[in-house]
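# Observations on chain architecture
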Amino acid sequence: MAKDSDKQKIVHVHLPKGETFTTTLTAGKHELTSDEPTSVEGGKDKGPDPYDYLLMSLGSCTVMTIRMYIRHKGWPVDDVYMELRHNKRHAEDCNNCDDPKSKIDVIEKEVIVEGDLTDKQVERILDISKKCPVHRTLTSDITIESSIEHR
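One structure accompanies this document, and this report is about it. (Residues numbered from 1 in each chain as written. Predicted model: local features only at pLDDT ≥ 70, side-chain atom pairs only at ≥ 80, totals over all residues. Heavy atoms only, no water.)

## What to know about the pattern of salt bridges
Going by this rule: One side-chain nitrogen of Lys or Arg within 4 Å of one carboxyl oxygen of Asp or Glu is enough to make a salt bridge. Only DSSP runs of H or I covering at least 4 residues are called helices, and only runs of E covering at least 2 are called strands; the numbering of each starts at the N terminus. Burial classes follow relative accessibility: with a 1.4 Å probe on protein chains only, a residue under 20% of its type's maximum area counts as buried, one over 50% as exposed, and anything between as partly exposed.
Scanning the entire structure with this criterion turns up 6 salt bridges. Salt-bridge contacts for R85 lead to E110; the nearest nitrogen and oxygen are separated by 3.8 Å. Residue R85 is found in strand β4 (residues 77-90), and its partner E110 is found in strand β5 (residues 103-115); the two are separated by 25 residues along the sequence. Residue classification places R85 among the partly exposed residues on the basis of a relative accessible area of 29%. For E110, a relative accessible area of 36% translates into the label partly exposed. D105 serves as the salt-bridge partner of K88, at 3.0 Å between the closest nitrogen and oxygen. Of this pair, K88 sits in strand β4 while D105 sits in strand β5, and the two are 17 residues apart along the sequence. Judged by relative accessible area, K88 falls into the partly exposed class, the value being 46%.

Here is the structure:
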């Protein structure tokens, strides 16, 4: 019998006629909205932008992974928070720094844990934070297979 984690995930994304960027995202019975901020021409700021969702996906997976680990260990953690940031910056060894294409995507993850923990436990939690499935996906070789259907 296949585990839930072995099943293919399917989400639906719809950008209807008449909308510039306001997009409906559906995953099972859950419906979310994505949009661009009003600083982008046509953006209505009706929901998080796509990079916000990327960061939220990584953050939620990370705190869930940490929670599973600390529950298993029975460690006294009261709360787990995360702050994530995304930006584009030049690689340290940038040879063509004037070229906008020379910038790389950087995601900064800051884990905040509250509880009576030793320094060793805190370091272990940081190690575990890098083992969540979304983190592993984003840092692995990824293949995106694209197709199109014309109706």
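Read on, since the account is not over.
## Here's the deal with the sheet that holds strand β1 (residues 12-14)
Threshold: DSSP-based pairing: two strands are paired if at least 2 bridges between them are found. Every angle, taken between N-to-C directions, lies between 0 and 180 degrees, and every axis is a line fitted to C-alpha atoms, over only the stretch in contact when it is a helix.
A sheet is described by the order of its strands in space; here 3 strands give the open sequence β1-β2-β3, paired in antiparallel fashion. Single-partner strands in this sheet number two, and they are β1 and β3 (30-34). On average, adjacent strands in this sheet sit at an angle of 20° to one another, irrespective of strand direction. Of the pairings in the sheet, the one linking strand β2 (residues 23-27) to β3 comprises 5 bridges and is antiparallel in character. When the sheet's bridge partners are listed, A27 is paired in β3 with H30.

## Brief notes about the environment of G59
Here G59 lies in helix α1 (residues 50-73). In sequence terms G59 and Y81 are 22 residues apart; their C-alpha atoms lie 8.7 Å from each other.

## Concerning α1
Heads up, the condition is: Take the residue count of a helix, subtract one, and multiply by 1.5 Å to get its expected span. Polar contact criterion, stated in full: a pair of N or O atoms within 3.5 Å, where within protein one must be able to donate a hydrogen and the other to accept it, and residues adjacent in sequence count only if both atoms are side-chain atoms.
Compared with the 34 Å implied by 1.5 Å per residue over 24 residues, the 35 Å span of α1 between its first and last C-alpha is a close match. Every buried residue belonging to α1 is among Y53, L55, L58, G59, C61, T62, T65, I66, Y69 and I70, and all of these are buried. At the N-terminal boundary of α1, the capping side chain belongs to D49, with an oxygen 2.9 Å from the backbone nitrogen of Y51. Just past α1, the residue G74 takes up positive phi, approximately 75°.

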